[in-house]
Amino acid sequence: MSEDTKTPKPGFLPIETNWFDRLFISVVIWVALSLFWFRFIEPLGLSIWICCAISAVLAAYIIRRG
């Protein structure tokens, strides 16, 4: 193994995190986005499933790259 694989790569989050921290951040964002969606977007006719898809993609990105 080279030296590059042993050193941790910094993510885009401004704090040091492990995978569980990033999972927790993703869940908090999912809840906040769902509440926002229920209040403002769903009355316009867009399904909550769109919000869930956006949250899942965002969570995967945060857990992978964060």
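- Within an unreviewed UniProt entry, the label attached to the protein reads DUF2160 domain-containing protein, and the organism entered is Paracoccus alkanivorans.

1. Thoughts on the state of the cysteines
Disulfides are covalent bonds that connect the sulfur atoms of two cysteines.
Phase 1 of the analysis: Here the structure, examined in full by the defined rule, presents zero disulfides.
Phase 2 of the analysis: Between Cys-52, a free cysteine, and Cys-51, which holds the nearest cysteine sulfur, the sulfur-to-sulfur gap is 5.5 Å.

2. Let's talk about the UniProt feature "transmembrane region" (unreviewed entry) in the protein
Phase 1 of the analysis: Under the UniProt annotation, the feature "transmembrane region" (unreviewed entry) is placed at residues 20-38 and 44-63.
Phase 2 of the analysis: Span residues 20-38 is 100% helix and 0% strand, its end C-alpha atoms 27 Å apart.

3. What to know about helix 3 (residues 48-65)
Phase 1 of the analysis: Spanning 18 residues, helix 3 covers 26 Å between terminal C-alpha atoms, matching the ideal 26 Å at 1.5 Å per step.
Phase 2 of the analysis: Every buried residue of helix 3 is accounted for by Ile-48, Cys-51, Ser-55, Ala-59 and Ile-62. Within helix 3, the buried residues cover an arc of 70° as seen down the axis, which keeps them to one side. Structural note: helix 3 exposes Trp-49, Val-57, Arg-64 and Arg-65 on the side pointing more than 90 degrees away from its buried face.
Phase 3 of the analysis: Residues of helix 3 that are buried sit in contact with helix 2 (19-41).
Phase 4 of the analysis: One side-chain oxygen at the N-terminal end of helix 3 lies 3.2 Å from the backbone nitrogen of Trp-49; it belongs to Ser-47.

4. Describing the side chain of Ser-34
Phase 1 of the analysis: Looking at the secondary structure, you find Ser-34 in helix 2.
Phase 2 of the analysis: Not counting the four nearest positions on each side in its chain, Ser-34 is found in contact with Ile-48 and Cys-51.

Rules behind the numbers
Residue positions within a chain follow its written sequence, with the count starting from 1. Per-residue local features of the predicted model are confined to residues with pLDDT of at least 70, and side-chain atom pairs are confined, for both listing and counting, to 80 or more; whole-chain, interface and lining totals are unaffected and use all residues. No hydrogens and no water enter the side-chain calculation; it runs on all heavy atoms of the structure. A pair of sulfur atoms, both from cysteines and within 2.5 Å, is called a disulfide here. UniProt positions are given in the numbering used here, feature names are shortened, and annotations may be inferred rather than shown by experiment. The helix count covers DSSP runs of H or I at least four residues long, the strand count covers runs of E at least two residues long, and both are numbered beginning at the N terminus. The length a helix should cover is 1.5 Å for every residue beyond the first. Only protein chains enter the accessibility calculation, which uses a 1.4 Å probe. A residue is then buried if its area is under 20% of the maximum for its type, exposed if over 50%, and partly exposed in between. The arc in question is formed by the directions pointing from the helix axis toward the C-beta atoms. It only takes one pair of heavy atoms within 4.5 Å for two residues to be counted as in contact. Polar contact criterion, stated in full: a pair of N or O atoms within 3.5 Å, where within protein one must be able to donate a hydrogen and the other to accept it, and residues adjacent in sequence count only if both atoms are side-chain atoms.

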